[in-house]
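Notes for the structure review
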Amino acid sequence: MARPAVIPWAAADTVEALHQRYRAEAVAEVRTRLQALWLLRQPAAGWTPTTVAAALGVQRSTVQRWLKWYREGGLAAVCGRRRGGVGKPSFLTKDQEAQLVAEAATGAFATAQAVRDWIEARFGVVYTRDSLYTRLPRLGIRLKVPRPRHPQADPRARAAWKKGGSAHA
């Protein structure tokens, strides 16, 4: 059996307080961390980082990392961490992004490649087409293009079909 973790608990972080905080947390990843701390705070139950990790479905090293955060900064450090990072900064300034959004609002772009070409010509900034597929939704730009139509399609036959079926009956 593993030895229990030595954790310098803050006076305000009682079993009841941790339980209430855990139950009230809306963010799932933070809720799991608080549940781990709550379980570890119950000395009579015999929870160890290994048993808590198994119960929560995470690695033992993950629970150890959460405990390290708690030791260094208390509950604020445990709850304040978010997965991921801030990411790479945009190649465009806020003013340039505003110009792009305004231009897109006029319906000037049908494809990400058209946006890419416009940005390169206007600002001299080169984005890959694929990176724009993730960047444009973050700016609130949705590229909506009509569904392709076959050049030999008959609009009258399509309208008749929508009204009541095939004209060939």
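Heads up: these notes are all about the structure in this document. (Residues numbered from 1 in each chain as written. Predicted model: local features only at pLDDT ≥ 70, side-chain atom pairs only at ≥ 80, totals over all residues. Heavy atoms only, no water.)

We now examine the overall build of the chain. Scanning the chain from N- to C-terminus turns up eight helices and zero strands. What you see in the chain, going N to C, is helices and strands ordered as α-α-α-α-α-α-α-α. Its C-alpha atoms give the chain a radius of gyration of 28 Å, clearly above 15 Å, the size a compact globule of 169 residues would have. Dimensions of the chain along its principal axes, counting C-alpha atoms only, are 80 × 55 × 25 Å. When burial is assessed residue by residue, the chain has 28% of its 169 residues classed as buried. Counting contacts in the chain only where the partners sit at least 6 residues apart, residues at least 24 apart contribute 51% of the total. Total accessible area on the chain stands at roughly 11800 Å², and carbon and sulfur atoms take up 54% of it. (Helix = DSSP H or I, 4+ residues; strand = E, 2+ residues; numbered from the N terminus. Rg over C-alpha atoms; globule rule 2.2 N^0.38 Å. Buried < 20%, exposed > 50% of the residue type's maximum accessible area, 1.4 Å probe, protein only. Contact = heavy atoms within 4.5 Å. Areas by Shrake-Rupley, 256 points an atom, 1.4 Å probe, with all protein chains shown as cover.)

Our focus in this paragraph is the layout of surface pockets. Computed from the structure, the largest pocket encloses a volume of approximately 230 Å³. Lining the largest pocket we find Val86, Gly87, Lys88, Pro89, Ser90, Phe91, Tyr127, Ser131, Thr134, Arg135 and Arg138. Of the volumes computed, that of the second largest pocket is approximately 190 Å³. Taken together, Glu29, Thr32, Arg33, Val58, Thr62, Arg65, Trp66, Trp69, Arg81, Arg82, Arg83 and Gly84 form the lining of the second largest pocket. Looking at the lining of the second largest pocket, the elements that each hand over two or more residues are helix 2 (28-40) and helix 4 (60-80). With four residues, helix 4 is the largest single contributor of residues to the lining of the second largest pocket. When the residues that make up the lining of the second largest pocket are grouped by side-chain class, the tally is three nonpolar, three polar and six charged. (1 Å grid on protein atoms, 1.4 Å probe; cavity = no way out; pocket = protein on both sides within 12 Å on 5 of 7 lines; lining within 4 Å. Points joined across faces, edges and corners; volume = space filled by probe spheres on them. Nonpolar A, V, L, I, M, F, W, Y, C, P; charged D, E, K, R; others polar.)

In this structure the tally under the stated criterion is five aromatic pairs. Each ring, one from Tyr22 and one from Trp38, has its centre 5.6 Å from the other, and the planes form 15 degrees; the classification is stacked. With Tyr22 in helix 1 (residues 15-24) and Trp38 in helix 2, this pair connects stretches of sequence that are 16 residues apart. Tyr22 sits in the buried class, given a relative accessible area of 9%. Look at Trp38 and you get buried, because its relative accessible area is 17%. Relative to Trp118, the ring of Phe109 lies with its centre 5.6 Å away and its plane at 70 degrees, an arrangement referred to as edge-to-face. Taken together, Phe109, Trp118 and Phe123 form an aromatic cluster joined through their ring pairs. (Phe/Tyr/Trp six-rings, centres within 6.5 Å; stacked < 30°, edge-to-face > 60°.)

So, on to the nonpolar core. Among the nonpolar cores identified, the biggest contains 22 residues, and Val52 and Val63 are the most heavily contacted of them. Contributing elements (two or more residues each) for this core: helix 1, helix 2, helix 3 (49-56) and helix 4. With nine residues, the top contributor of residues to this core is helix 4. Other than its neighbours up to four places away in sequence, Val52 contacts Ala36, Leu39, Leu40, Trp47 and Val63. Membership of the second largest hydrophobic core comes to 15 residues, among which are Val115, Val125, Leu136 and Leu139. (Core = buried A, V, L, I, M, F, W, Y, C linked by side-chain atoms within 4.5 Å.)

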